[in-house]
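# Remarks on the overall topology
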Amino acid sequence: MSDVVRTRFAPSPTGYMHIGNLRTALFAFLYARSQGGRFILRIEDTDQGRYVEGATDIIYDTLRIAGLQHDEGPDIGGDFGPYVQSQRKGIYRQYAEELVARGEAYYCFCQRGDKETESPEGYNRHCRCLTPEQVKEQLAQGKPYVIRQRIPLEGTTSWDDLVYGTISVDNQTLDDQILLKSDGMPTYNFANVIDDHLMGITHIIRGSEYLSSNPKYILLYQAFGWQMPQYMHLPLINGQNPDGTISKLSKRHGAVSFQALVEEGYLPQAITNYIAMLGWSPKSEQEIFTLDELVALFSVTGIHKSPAVFDYKKLDWVNSQHIAMMTDEEFAAKAHPYAGIDSTPLEDKWPKIASLLKPRVNKLSEVAEKIDFLKQLPHYDVGMFINKKNKSTFESSIRIIDEVLNALDSETQWNEEALYNRLSALAQSLGIKEGQLFWPVRIALSGLMATPGNATDILFLLGKEESACRLKKGVERLKETQTA
RNA sequence: GGUCCGUUCGUCUAGAGGCUAGGACUCAAGAUUCUCAUUCUUGCAACAGGGGUUCGAUUCCCCUACGGACUACCA
């Protein structure tokens, strides 16, 4: 066979796509692409009990949206199919029996959970020494059985991990794991090895949680006399608890699935960028990358051994950087679904609104709340008109807003520039600074101390009528408060 | 309990015997801006501990502590 690099992503269709899982897919993808190799998708559904309807589609969708396009897989075929393990059932039994024939595995008739043969230390290898006759007899009786791997009782097994270096383990610490379950399906551990070999996988990339079971996989390759692939174990992704402790990343830390993150308004390219940096470093000071740049820069030497903590704050920042890289048009299109302005007067002004929002949101889900005040004037505290820095008081606010109302009444060109020129000139003729004039205007228009965009932007967005209405209301409230 | 893995600012990391231990996020302060945000400047903040090896250890070795993973007829 050729020496083309082949990596695979082998998820189980058990529901949503965990971010740790996606990171594994990303690295397998990056490595394959960076080496000019092929990236294969295989669905590992040997546990029918855990199968979740629609989960396979989530896997396809995630890879597509994240841009991790595979070269072979159930949906697109390939020369090594089928790519779904449940469709390969017959293969595993055949190989399991071959191992039995080679003396590398054996039939086991012990009952699951039997206290006699199983203990916290593992299976006591009760059936390991059954004679061929005993086996034949029990088989003839139709007794349920599993096939177990005959692990060497002595010696060590070791391999050179591309990330962790040489690791060796005493065989006596390994147990005779089950290869073929009593339902005839292979265990993950077994199917994984068979398929990786049959599919010509050259580099096995997966989370470091598999580090301690890897010797068993290697022993399997040796039992078959197959050539061992390269291994690349990836550090885990953790989450930080409120009390500062660290634990496996889970729901309580925030959104942990790709789709949940996307729904929250994180851009797929920002998510892949961020998780690439979790456990890998380009060894430069650049932090923002496109997927293509990651492919070009990816190298095994940048992969870490120690686990990383997922930091939502930093993800926010990475996302904001990717938002900044978009054109205004792209951003407007992506953010529109989050705005909630369909068939409102604001709809026509969306391009302008989006351009104001673009530098002000970290994630798309923040869009709606930021423009609520445009849809409806919020209830606000009249005290906001008072601002020491601008020497703004109730009296000055009333006077200024009245003047503004007056000036705008005759304004026919309702655009930001005209509005600004008009009000700027007004401030000058009143002998006050722009800031003094705009402060009460913005409060009355928005009911907020801080708004995306300045007072003239808001005037423009609200339109002449609504603006006048809000300004008048502001004056009314100021007068009420004054007399009260 | 056993096996394996890990340990640089709060977090992500650079560093591969000699550096004022660098960058980023967060946080704080300042500049700019009609508010806010953006942008820019500045600041706070780290080599887990103990032994070695060495002229010299963040860096190499050992021990301890702490953290994590695995220890299913789950993947």
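A brief structural summary. From a predicted model like this one, the values you see are computed outputs, not experimental measurements.

### Looking at the overall build of chain A
What chain A contains, in helices and strands, is 19 helices and 14 strands. Here the C-alpha atoms of chain A give a radius of gyration of 32 Å, more than 25% beyond the 23 Å that 2.2 N^0.38 yields for 484 residues. Each principal axis of the C-alpha distribution contributes one length, and for chain A these read about 110 × 50 × 40 Å. Expressed as a percentage of contacts within chain A between residues at least 6 apart in sequence, the contacts between residues at least 24 apart total 72%. For chain A, the exposed area adds up to about 23,300 Å²; of that, 49% sits on carbon and sulfur atoms. When the 51 basic and 62 acidic side-chain charges of chain A are each reduced to a single mean position, those positions are 3 Å apart.

### Considerations on the packing of aromatic side chains
Within this structure, the stated rule accounts for 15 aromatic pairs. Between the aromatic rings of Phe-27 and Phe-298, the centroid separation amounts to 5.4 Å while the plane-to-plane angle is 75°, which identifies the pairing as edge-to-face. Of this pair, Phe-27 sits in helix H1 (residues 19–34) while Phe-298 is found in the loop between helix H9 (291–297) and strand S14 (308–309), placing the two residues 271 residues apart along the sequence. With relative accessibility at 0%, the residue Phe-27 sits in the buried group. Judged by relative accessible area, Phe-298 falls into the buried class, the value being 6%. Both rings, one in Tyr-380 and one in Phe-385, keep their centres 6.0 Å apart while their planes meet at 65°; by these two values the pair is edge-to-face. Judged by its relative accessible area of 7%, Tyr-380 is buried. Three or more aromatic residues joined by ring pairs form one cluster here, namely Tyr-95, Tyr-221, Phe-224 and Trp-226. Sitting over the ring of Phe-80, Arg-6 keeps its end group 4.1 Å from the ring centre. Its guanidinium or amino end placed over the ring of Phe-460, Lys-349 lies 5.1 Å from that ring's centre, counting from NZ or CZ.

### Looking at the pairing of strand S2 (residues 38–41)
In terms of strand pairing, strand S1 (residues 6–9) meets S2 through four bridges, oriented parallel. Looking at S2, one finds that Arg-8 is bridged to Ile-40.

### Here's the deal with the environment of Lys-388
The topology assignment puts Lys-388 in the loop between helix H14 (372–375) and helix H15 (394–409). Distance from Lys-388 to Thr-456, taken between C-alpha atoms, is 22 Å for residues 68 residues apart in sequence.

### Here's the deal with the protein's contact with RNA strand B
Residues in contact with RNA strand B amount to 57 residues; listed here are only the nearest, Ser-12, Lys-181, Glu-287, Arg-360 and Phe-438. Counting only the atoms of RNA strand B within 4 Å of the protein, the fraction contributed by sugar and phosphate is 71%. Between RNA strand B and the protein, one listed contact pairs a phosphate oxygen with a side-chain N or O atom of Thr-46 at 2.8 Å. Within the side chain of Glu-287, one N or O atom sits 2.3 Å away from a sugar or linking oxygen of RNA strand B. Broken down by secondary-structure element, the contributors of at least two residues to the surface near RNA strand B are strand S8 (165–170), helix H5 (188–198), S14, helix H10 (312–325), helix H17 (434–446) and helix H18 (455–462). No other element matches H17, which puts four residues into the surface near RNA strand B.

### Regarding helix H11 (residues 328–339)
Considered for burial, the residues of H11 that qualify are Phe-331, Ala-332, Ala-335 and Ala-339. For H11, the buried positions fall inside an angular range of 100° around the axis, keeping them on one side. In H11, the exposed positions angled more than 90 degrees off the buried face are occupied by Glu-329, Ala-333 and Pro-337. Check the buried side of H11 and you find it contacts H10, helix H12 (350–357), helix H13 (367–370) and H14.

### A word on the sheet that holds strand S9 (residues 178–180)
Strand order in the open sheet made by the three strands is S3-S6-S9, with antiparallel pairing throughout. Single-partner strands in this sheet number two, and they are strand S3 (105–108) and S9. Direction aside, neighbouring strands of the sheet carry axes that sit 40° apart on average. With two bridges joining them, strand S6 (residues 146–149) and S9 adopt antiparallel strand pairing. Among the inter-strand pairings, Arg-148 is bridged to a residue of S9, identified as Ile-178.

### Details of the nonpolar core
Residues Leu-68, Phe-190, Phe-310 and Trp-350 are the most contacted members of the largest nonpolar core, which totals 146 residues. Contacts of Trp-350, omitting those with residues within four sequence positions, involve Ala-332, Ala-335, His-336, Ala-339, Ile-341, Leu-357, Val-367 and Ile-371.

### Observations concerning the side chain of Arg-470
Summarising the element assignment, Arg-470 is placed in helix H19 (residues 464–483). Owing to a relative accessible area of 2%, Arg-470 belongs among the buried residues under this scheme. Of the polar contacts made by the side chain of Arg-470, one reaches the backbone oxygen of Leu-374; its length is 3.3 Å. At 2.7 Å, the side chain of Arg-470 and the side chain of Glu-466 are in polar contact. Beyond its immediate stretch of four places on either side in the chain, Arg-470 contacts Phe-373, Leu-374, Lys-375, Gln-376, Leu-377, Ala-444, Leu-445 and Leu-462.

### Comments concerning the environment of Gln-240
Counting through the fold element by element, Gln-240 comes out in strand S12 (residues 237–240). Owing to a relative accessible area of 48%, Gln-240 belongs among the partly exposed residues under this scheme. On a C-alpha basis, the gap between Gln-240 and Ala-308 in space is 10.0 Å, while along the polypeptide they are 68 residues apart.

### Points about the state of the cysteines
Following the criterion strictly, the structure yields zero disulfides and no others. Free cysteine: Cys-110, not disulfide-bonded; nearest cysteine sulfur from Cys-127 at 3.5 Å.

### Comments concerning the pairing of S8
Pairing analysis gives six bridges linking strand S7 (residues 156–161) to S8, with the strands arranged antiparallel. Paired with Asp-161 across the two strands is Gly-165, which belongs to S8. With antiparallel pairing between neighbouring strands as the criterion, S7 and S8 make up a hairpin whose turn holds three residues.

Thresholds, definitions, all that
Residues numbered from 1 in each chain as written. Chains lettered and ligands numbered in written order. Predicted model: local features only at pLDDT ≥ 70, side-chain atom pairs only at ≥ 80, totals over all residues. Heavy atoms only, no water. Helix = DSSP H or I, 4+ residues; strand = E, 2+ residues; numbered from the N terminus. Rg over C-alpha atoms; globule rule 2.2 N^0.38 Å. Contact = heavy atoms within 4.5 Å. Areas by Shrake-Rupley, 256 points an atom, 1.4 Å probe, with all protein chains shown as cover. Lys, Arg positive; Asp, Glu negative; His and termini not counted. Charge placed at Lys NZ, Arg CZ, Asp CG, Glu CD. Phe/Tyr/Trp six-rings, centres within 6.5 Å; stacked < 30°, edge-to-face > 60°. Buried < 20%, exposed > 50% of the residue type's maximum accessible area, 1.4 Å probe, protein only. Lys NZ or Arg CZ within 6 Å of the ring centre and 35° of its normal. Pairing = 2+ DSSP bridges. Near = heavy atom within 4 Å. Polar contact = N/O pair within 3.5 Å; in protein donor to acceptor, adjacent residues only side chain to side chain. Arc of directions from axis to C-beta. Axes fitted to C-alpha atoms, helices over the stretch in contact; angles between N-to-C directions. Core = buried A, V, L, I, M, F, W, Y, C linked by side-chain atoms within 4.5 Å. Disulfide = S-S within 2.5 Å.

Everything listed here is a matter of geometry and, on its own, says nothing about what the molecule does.
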